[in-house]
Amino acid sequence: MNKLLLGRYIPGDSVVHRLDSRTKLISAVCFIVIIFLANHWQSFLLLWTFTFLTLYLTGIPLNIYIRGVKPFIWLILFAVLMQILFTGGGEIFFQWGPVTISELGMINGLNAFFRFTLIIFISTVVTLTTKPVELTDAIYFLVKPLKVFRLPVEEISIMLTIALRFIPNLFEETRKIIDAQKARGTEFGKGSVFQQMKTLVPVFLPLFVNSLNRAEDLANAMEARGFRPDMKRSSFRQFHWKWQDSFTIGILVLLTASIILIGLYE
Amino acid sequence: MKESPLPIIEVKNLSYRYDLRKNTDILSSVTFSVFKGEWLAIVGNNGSGKSTLARLLAGLLTPLEGKVFIDGIELTEKNKWQIRKKIGIVFQNPDNQFIGTTVEDDVAFGLENFNIPYNEMKQRVQEALQMVDMLKYRKTDPANLSGGQKQRVAIAGVLAVKPEVILLDEAFIMLDPKSRDDMLKTLKTLKEKYRLTIISITHDMNEAASSDRMIVLKNGKITATGTPGEVFSQDPELEPPLAEKVRRILHNKGRNVPDHFITEKELISWLQTLNS
């Protein structure tokens, strides 16, 4: 589980950690949008500067971010290769049937590479510096207007929070069951794919049964503590909007404006 | 005993059955009262219906027959939400009742449900955590807590709502003896301080022996009620707590021990008189 960086939180007390989760979420979405608007080297220079500054401010070592890119490297290379091989335009260096290596293709390939890595870096910043619960709260806040369409936003938010809360328990339980099955002589990770899948059945079955029992206990506990769906609840976790948040949003507005201007005048 | 004559909980002819096709009741015509400020232990073996009783008292199940009155109000489907402010329940499994992602979030859960404003909530959470001595863990997530600490948080969650009655449904069964003792001590002090009523459902006889009054359930029927002393000397089938066991053994060996049921404290002071 340690390989996948996506969705992991690294505790810290940096400026980025302390930003409001809504700010981080909105900024990340905004940033990803402007990444696709950028198509000049000046724009990318700006975006890279912004990204590296953010990475630096999180206080998390750079190699952790690079590790975050690694699982996606084949996807990125594939996209880059497609751009290089099949985009024509500008000076053509090499041509063989549909395969064209051209100036424009090279530039597009480089842009694709930049876009992918920037997106990964920035989304990793958000997940590494924000507690999952805070992220759920931010999502809840942003989709709250959808209540007009009778979307059960509160219930969904509670479901998400509880799901996040029980992830460590499920991991722990899976580990225990795997140990128990090993003690009974099951060998994991051996034989054909089909055989391997078969050995997992006696792991998932007790896991599902336990989860169902757990869900019933949890429902009882929630009801006993007065939880009623579709009732107004107050919230213990509050958002605190600080000047740093306004500042961040301001910087993003400036960044967006510059990217658009560079696009118009270059 | 600081008993006021007014019962805080009255149970009248309560019956329940999970499977309506069968004729065996899990609880049949159970009647008893709980008085304000007392510690009532309900003991019984597995399948005696004691957990069902807890669920009925908290309004999680609807009785087949009979009535439950809490603070003079009958518990019904309509007003069970109001009544849940008066009765808090702590369940057996520490993990499955931990709803929040951190300690303070979990304590706040009940308050959020009753739509308590933020400032009051913040204060109540802090007070409740202080009562169970868990304030310094308020930002901790459940994965980093021991079972005993999780049960303390569960109790804080109940206390924050300021109930009249706390119902412990085998709440200490998954704890080690040391944290079980600590929890009992904490609850005893809190009970005295805030005049809480505690109903503890258990099959730990040592826990039951330290109660003010106990009720024995067998196959869904009450077979004995009274102070632990009365009950343990009445019912020879019931496994007695340690002190009483020691007394009976000594008694059978013809030693000069007291004739009646004794608590651990009494046993200790009796042993000390031997020395002098």
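Residues numbered from 1 in each chain as written. Chains lettered and ligands numbered in written order. Predicted model: local features only at pLDDT ≥ 70, side-chain atom pairs only at ≥ 80, totals over all residues. Heavy atoms only, no water.

As for the interface of chain A and chain B
At step 1: On the side of chain B, 36 residues touch chain A, which itself brings 27 residues to the contact.
At step 2: Summed over both partners, the interface of chain A with chain B buries about 2900 Å², with 54% contributed by carbon and sulfur atoms.
At step 3: Three residues stand out in chain A for area buried against chain B, namely Arg165(A), Arg225(A) and Phe236(A), and they jointly supply 32% of the buried area on that side.
At step 4: Applying the counting rule to chain A against chain B returns six salt bridges.
At step 5: Between Arg237(A) and Asp105(B) there is a salt bridge whose closest N-O contact spans 3.0 Å.
At step 6: Of all the secondary-structure elements, those providing two or more residues to the side of chain A that touches chain B are helix H8 (153-183) and helix H9 (193-224) of chain A. (Contact = heavy atoms within 4.5 Å. Buried area = accessible area lost by both parts, 1.4 Å probe. Salt bridge = Lys/Arg side-chain N within 4 Å of Asp/Glu carboxyl O. Helix = DSSP H or I, 4+ residues; strand = E, 2+ residues; numbered from the N terminus.)

Re the packing of helix H2 (residues 21-37) of chain A against helix H6 (residues 103-129) of chain A
Residue and element names in this part refer to chain A.
At step 1: Between H2 and H6, the shortest axis-to-axis distance is 10 Å and the interhelical angle comes to 180°. One element, H2, and the other, H6, form an angle in the roughly antiparallel class. Within the contact between the two elements, H2 uses Lys24, Ala28, Phe31, Ile32, Ile35 and Phe36 and H6 uses Arg115, Leu118, Ile119, Ile122, Val126 and Thr129.
At step 2: Partitioned by chemical class, the residues of the contact of H2 with H6 number nine nonpolar, one polar and two charged. (Axes fitted to C-alpha atoms, helices over the stretch in contact; angles between N-to-C directions. Parallel < 35°, antiparallel > 145°, perpendicular 65-115°, else oblique. Nonpolar A, V, L, I, M, F, W, Y, C, P; charged D, E, K, R; others polar.)

Focus: the sheet that holds strand S10 (residues 221-226) of chain B
All names here are of chain B.
At step 1: Pairing is mixed in the open sheet, where six strands are placed in the order S6-S7-S8-S3-S9-S10. Both outer strands of the open sheet, strand S6 (87-90) and S10, are each paired with one neighbouring strand and no more. When the angles between neighbouring strand axes are averaged without regard to direction, this sheet yields 15°.
At step 2: Inspection of the sheet shows strand S7 (residues 165-169) paired to strand S8 (residues 197-202) by five bridges, in the parallel sense. Bridge pairing in S8 places Leu168 opposite Ser200.
At step 3: Where helix H1 (residues 50-57) meets the sheet, it contacts strand S3 (39-43), S6, S7, S8 and strand S9 (213-218), and its direction lies at approximately 150° from that of S7. (Pairing = 2+ DSSP bridges.)

Observations regarding the packing of aromatic side chains
Residue and element names in this part refer to chain A.
At step 1: Applying the stated criterion to the full structure yields 14 aromatic pairs over all chains.
At step 2: Where Trp48 meets Phe121, the ring centres are 6.2 Å apart and the plane angle is 75°; that geometry is what we call edge-to-face. A residue pair is termed long-range when its members are at least 10 positions apart, and Trp48 in helix H3 (residues 41-58) and Phe121 in helix H6 qualify at 73 residues.
At step 3: In this structure Phe121 comes out as buried when scored by relative accessible area, which is 7%.
At step 4: A centroid spacing of 6.4 Å and a plane angle of 80° characterise the contact between Tyr65 and Phe121, whose relative ring orientation is edge-to-face. Note that Tyr65 is positioned in helix H4 (residues 62-69) and Phe121 in helix H6, a separation of 56 residues in sequence.
At step 5: Judged by its relative accessible area of 0%, Tyr65 is buried.
At step 6: An aromatic cluster of at least three residues, connected via ring pairs, comprises Phe44, Trp48, Phe52, Tyr65, Phe113, Phe114 and Phe121.
At step 7: Cation over ring: Arg22 sits above Phe141, and NZ or CZ is 4.5 Å from the ring centre. (Phe/Tyr/Trp six-rings, centres within 6.5 Å; stacked < 30°, edge-to-face > 60°. Buried < 20%, exposed > 50% of the residue type's maximum accessible area, 1.4 Å probe, protein only. Lys NZ or Arg CZ within 6 Å of the ring centre and 35° of its normal.)

Observations concerning helix H5 (residues 147-160) of chain B
All names here are of chain B.
At step 1: End to end, H5 covers 20 Å across 14 residues, agreeing with the expected 20 Å (1.5 Å per residue, within 8%).
At step 2: Counting buried residues in H5 gives 13 out of 14 residues, a clear majority hidden from the surface.
At step 3: Two residues or fewer past H5, Lys162 is found with a positive phi of approximately 55°. (Expected span 1.5 Å × (residues − 1).)

So, the domain arrangement of chain B
Residues and elements named next belong to chain B.
At step 1: When its domains are assigned, chain B resolves into domain 1 (9-236) and domain 2 (240-276).
At step 2: A separation of 32 Å is found between the C-alpha centroids of domain 1 and domain 2.
At step 3: Opposite the seven residues of domain 1 that make contact, domain 2 presents five residues.
At step 4: Here domain 1 and domain 2 share zero salt bridges between them.
At step 5: Our enumeration of links across domain 1 and domain 2 arrives at two residue pairs in polar contact (both at pLDDT 80 or more).
At step 6: At the level of secondary structure, the elements contributing two or more residues to the side of domain 1 that touches domain 2 comprise helix H7 (205-209) and helix H8 (228-234).
At step 7: With four residues, H8 is the largest single contributor of residues to the side of domain 1 that touches domain 2.
At step 8: Looking at side-chain class alone, the side of domain 1 that touches domain 2 contains four nonpolar, three polar and no charged residues. (Domains from an automatic or database assignment. Polar contact = N/O pair within 3.5 Å; in protein donor to acceptor, adjacent residues only side chain to side chain.)

Thoughts on helix H7 (residues 132-143) of chain A
At step 1: Between its first and last C-alpha atoms H7(A) spans 16 Å; for twelve residues at 1.5 Å apiece the expected length is 16 Å, and the two agree.
At step 2: Tucked inside the fold, the buried residues of H7(A) contact H2, H6 and H8 of chain A.

Quick word on the nonpolar core
Taken as a class, soluble globular proteins show a tendency for nonpolar side chains to be buried jointly.
Residue and element names in this part refer to chain B.
At step 1: Residues Leu168 and Phe172 are the most contacted members of the largest nonpolar core, which totals 37 residues.
At step 2: Secondary-structure elements contributing two or more residues to this core are helix H3 (103-113), helix H4 (118-131), H5, S7 and helix H6 (177-194).
At step 3: Broken down by element, this core gets its largest block of residues, seven residues, from H5.
At step 4: Ignoring sequence-local partners within four residues, the contact set of Leu168 consists of Trp39, Val90, Leu187, Ile198, Ile199, Ser200 and Ile201. (Core = buried A, V, L, I, M, F, W, Y, C linked by side-chain atoms within 4.5 Å.)

Section: the sheet that holds strand S5 (residues 73-74) of chain B
All names here are of chain B.
At step 1: Taken together, the four strands give an open sheet; going across it, the order is S2-S1-S4-S5, and neighbouring strands pair in antiparallel fashion. The outermost strands of the open sheet, each flanked by one partner alone, are strand S2 (27-35) and S5.
At step 2: Bridge count between strand S1 (residues 7-16) and strand S4 (residues 65-70): five bridges; the pairing is antiparallel. Looking across to S4, one finds that Ile9 is bridged to Ile70.

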